[in-house]
Each structure stands twice: as C-alpha cells, then as structure tokens.
Amino acid sequence: MANKDPVKIGVLYSETGATSAIESSQLLGTLLAIDEINEHGGIDGRELVAVRYDPQSDQQQFRVLAEKLVTTDNVNVIFGCYMSSTRKAVIPVVERYNRILFYATLYEGFEFSNNLIYTGAAPNQNSVQLADFMMSSFGGRVYLVGSDYIYPYESNRIMSDLVSQRPGGERVARRYVPVDAGPGDFNEIIADIKDKQPDFIFSTVVGNATQHLYKAFAEAGLDPKKMPIASLTTSEVEVAQMGAAAAAGHFTAAPYFQSVDTAANHACLEKITKRYGDKAIPNACWEAAYFQVHLFANAMRASGSDRIDALMPKLLGSEFMAPQGRVRIEPSNHHTCLYPRIGRVNQKGQFTIVRASTTAVVPDPYLVTHSLGDWTLALDEMGN
Ligand code: ACM
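Rules of the game
Residues numbered from 1 in each chain as written. Predicted model: local features only at pLDDT ≥ 70, side-chain atom pairs only at ≥ 80, totals over all residues. Heavy atoms only, no water. Phe/Tyr/Trp six-rings, centres within 6.5 Å; stacked < 30°, edge-to-face > 60°. Lys NZ or Arg CZ within 6 Å of the ring centre and 35° of its normal. Buried < 20%, exposed > 50% of the residue type's maximum accessible area, 1.4 Å probe, protein only. Helix = DSSP H or I, 4+ residues; strand = E, 2+ residues; numbered from the N terminus. Arc of directions from axis to C-beta. Contact = heavy atoms within 4.5 Å. Core = buried A, V, L, I, M, F, W, Y, C linked by side-chain atoms within 4.5 Å. Salt bridge = Lys/Arg side-chain N within 4 Å of Asp/Glu carboxyl O.

1. Describing the packing of aromatic side chains
By the definition in use, this model includes 13 aromatic pairs. Between Tyr 149 and Tyr 151 the ring centres are 6.4 Å apart and the planes differ by 45 degrees, which places this aromatic pair in the tilted class. Through pairs of rings, three or more aromatic residues link up here, namely Phe 79, Phe 102 and Phe 296. One residue, Arg 157, lies across the ring of Phe 110, its end atom 5.0 Å from the ring centre.

Okay, here's the thing in structure tokens:
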C-alpha cells in the first residue's frame, strides 16, 4: 500500500528577537507554500506538516532547535535562518546528521556545504550590481554602516573591494552597531556622516534596528537625493517599520520586490493577502522562503523520498516559476540562478524598480567572475 504518512519538515524562523519581523515574513512565505502543496494533494497524497519552533534570533537556540528537529522530531529537511551567524550555527548539525537546510536569505557568499541549498542572493547577484549602480549614479566615496556580526563584516569587505576597483572609489569609514541597536545608537554615526560627506552610505544593518538608522538620517535633515542609503537588507518589511517618509529615496538591491510585474507574482500576492491580510509583507526573503518549499516538494515527488541521498540529485538543476521569474538551482554550488534588481523606495513605501536584469544571473558565491547580467539592457527610470 502507498505510504500516506505525513511528511514532517522542520521550520526555524524567529518570531521574537532582533530579526523577528523579517523572519516572520519568511515563516508566512513557507506556510503559504505548504498550504498550496497540501491543497493540491500534498506530496503524492502525503500531507506536508511543519514542525515549527521560534529560535528567538539567537544562534544558540538555532543550534539547539535544529538538533531537536533532527534527533527528536526526525525531520530530514529544515527550512530556516536569516542572520548568517544562525546559519553557521545550524550547518554543523545538518552536516553531522546528513540532513538538508534550505536557506532563503541573501548572504555574504564564500561558502559551500553539501547539506545546504541557498535560495537567497549571493554577492554576484546583488552587491556587484548595487556597487555599479551607486557609483555611476552618485560617486564612489562610500560610508559603511552595519550590524556587528559576520554578514556585515564580509559584505562590507566585498563592497570595499568592488568600490576600490573603480576610479574615484574609496571607503570613507566603516562603523558597526549592536545587532539589537536602538534609536540612540546611530546619532554619533550620523554626525560623522554629515561631517565626512560620502557620496552614498552602504547599510548592512539588519532587522528591527534598521528603522533607527533611516530615521536618524531623516531627523538630521540629510537628503537621500544627494547622499542616499544603499542596502541589500532593507526590504519592504524594514520600510514598513520605519514608515515611507523616512525610507523614500533610498535604494535596495534584491532579486524580488513586491512591485515586480510578473503573472506569478500577482497570483502569489493575491493568495498571501487573502490568507494573511496586512500581516504579510512580501519581500525578497519571503519570496525565497516561499519558492524553496515548492522546489523541495517537486524534488520529493520526483525522488519519492526526503532523504538527502535521494532528494539532492533531484533538487540540483531543478527549476520553478517563482514570483521573480524562473529560478534554477545551480548544481555546481547549490545556490540559485536569480534576477538582480535595484529598487528605490517611493512615497507609498514600495520599491520603484530602477534597474533590472531580464535574464537570471548564475550564482557565483566565490566571486570568480563579475558579470552584471544583461545590465546594459536594463530598465532605467533614473535617466542615468
Ligand atoms: C544575513 O545575515 N545573511 C543577512
């Protein structure tokens, strides 16, 4: 008789702590995909069931709960993590027990594990395009502000390299704030920015602290038309936290924005709004969290098993029509082919897409090449 047992999957997204807002959006993307899969008969008649814990934005909790998912709940596959520090805490667990972690967040690159699938952007799919765009639009003197942990350190190193490779490129300063920074933590940095007058600011501040940087910038009377903040981590979620007035005029590079005009995105937005109303704030990390569950389900249908030996060969090279466009897992490095885009926040708190690649860029997590995609053919509403 056919196996009709539910398929349990581990889900680790924080609902409390410093990155609770963005991770809660990833949780809703995951749950939407699970619902869709179950409404269409599950995986060959087997219901997909999330075993969910709240790791509280804490890397120790991520490690402990990943181990619990594997050893107590017997899951073979885990979906989760936002901060790179939390991914680094879970990797030894999935490697030791030979399970799979699906990671749906942009990150600093320079990593590979046989036990991971990376569906967020690697630096050649966001940092390279952002550096090109900001330098040609505003100039090459960049001031770096980040949260104090591994992703900002490494992302800043890459941005510094990219900027210094071009004439006029210069890192003016590099500053870090605690991951749980509050409003007062940015005043001195903003005063220094006012003093040093960079051409643009690169923010690797993450999570709930992001709003305080942008609000301090606005309160100091700085003008995003002259000296904008550019980021990879300021999504629609952080914009909603700070409000459109503080966010308008600043830039983010990501493979997906709510404003992406594809049939798959319109259909997905309609479904998520129907299910969760204003609670869901779609963004690039939400979208990757959503489509990676579908990639998993399709691979499991093809393999008949969620065990890594059977599943991984079906995952590698697999494709899915995601809201951003057709994505594909690159077999050579387990990262995903994605569509670089640059958005500028508008008065409604949405991103107006000012440049976009119409072809997917193959992930190159070790930055061996610096291809921009078909960047020269891109939309450019800035007139640059
Ligand atoms: C991140 O820590 N990868 C945003």
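2. Comments concerning helix α12 (residues 308–315)
Along α12, the residues classified as buried are Ile 308, Leu 311, Met 312 and Leu 315. Take α12 and look down its axis: the buried residues cluster within an arc of 100 degrees, on one side only. Along α12, exposed side chains directed more than 90 degrees from the buried face belong to Asp 309 and Pro 313. Buried residues along α12 sit in contact with β3 (77–80), β4 (100–103), β5 (116–118), α11 (284–303) and β12 (325–329). Remark: Gly 317 follows α12 within two positions and exhibits a positive phi of approximately 85 degrees.

3. Quick look at the nonpolar core
In terms of nonpolar packing, the biggest core is built from 108 residues, with Leu 48, Ile 100, Leu 130, Ile 193, Phe 291, Phe 296 and Leu 315 touching the most fellow members. Ranked by the residues each element gives to this core, the list is headed by α11, at 13 residues. If we skip the residues at most four places from it in the chain, Leu 130 touches Met 159, Phe 202, Ala 230, Ser 231, Leu 232, Ala 253 and Ile 342. Core analysis: the second largest hydrophobic core is formed by 20 residues, Ala 66, Val 75, Val 90 and Tyr 103 among them.

4. Regarding the environment of Arg 171
With respect to the helices, strands and loops of the structure, Arg 171 is situated in strand β7 (residues 170–177). Not counting the four nearest positions on each side in its chain, Arg 171 is found in contact with Val 142, Leu 144 and Ser 160.

5. Points about the pattern of salt bridges
In total, this model carries 19 salt bridges according to the counting rule given. A salt bridge links Glu 111 to Arg 87; the nearest nitrogen and oxygen atoms lie 2.9 Å apart. You can see Glu 111 sitting in the loop between β4 and β5 and its partner Arg 87 sitting in helix α3 (residues 84–97), a full 24 residues away along the chain. With a relative accessible area of 0%, Arg 87 lands in the buried category.

That's the geometry; what it means functionally is another story.
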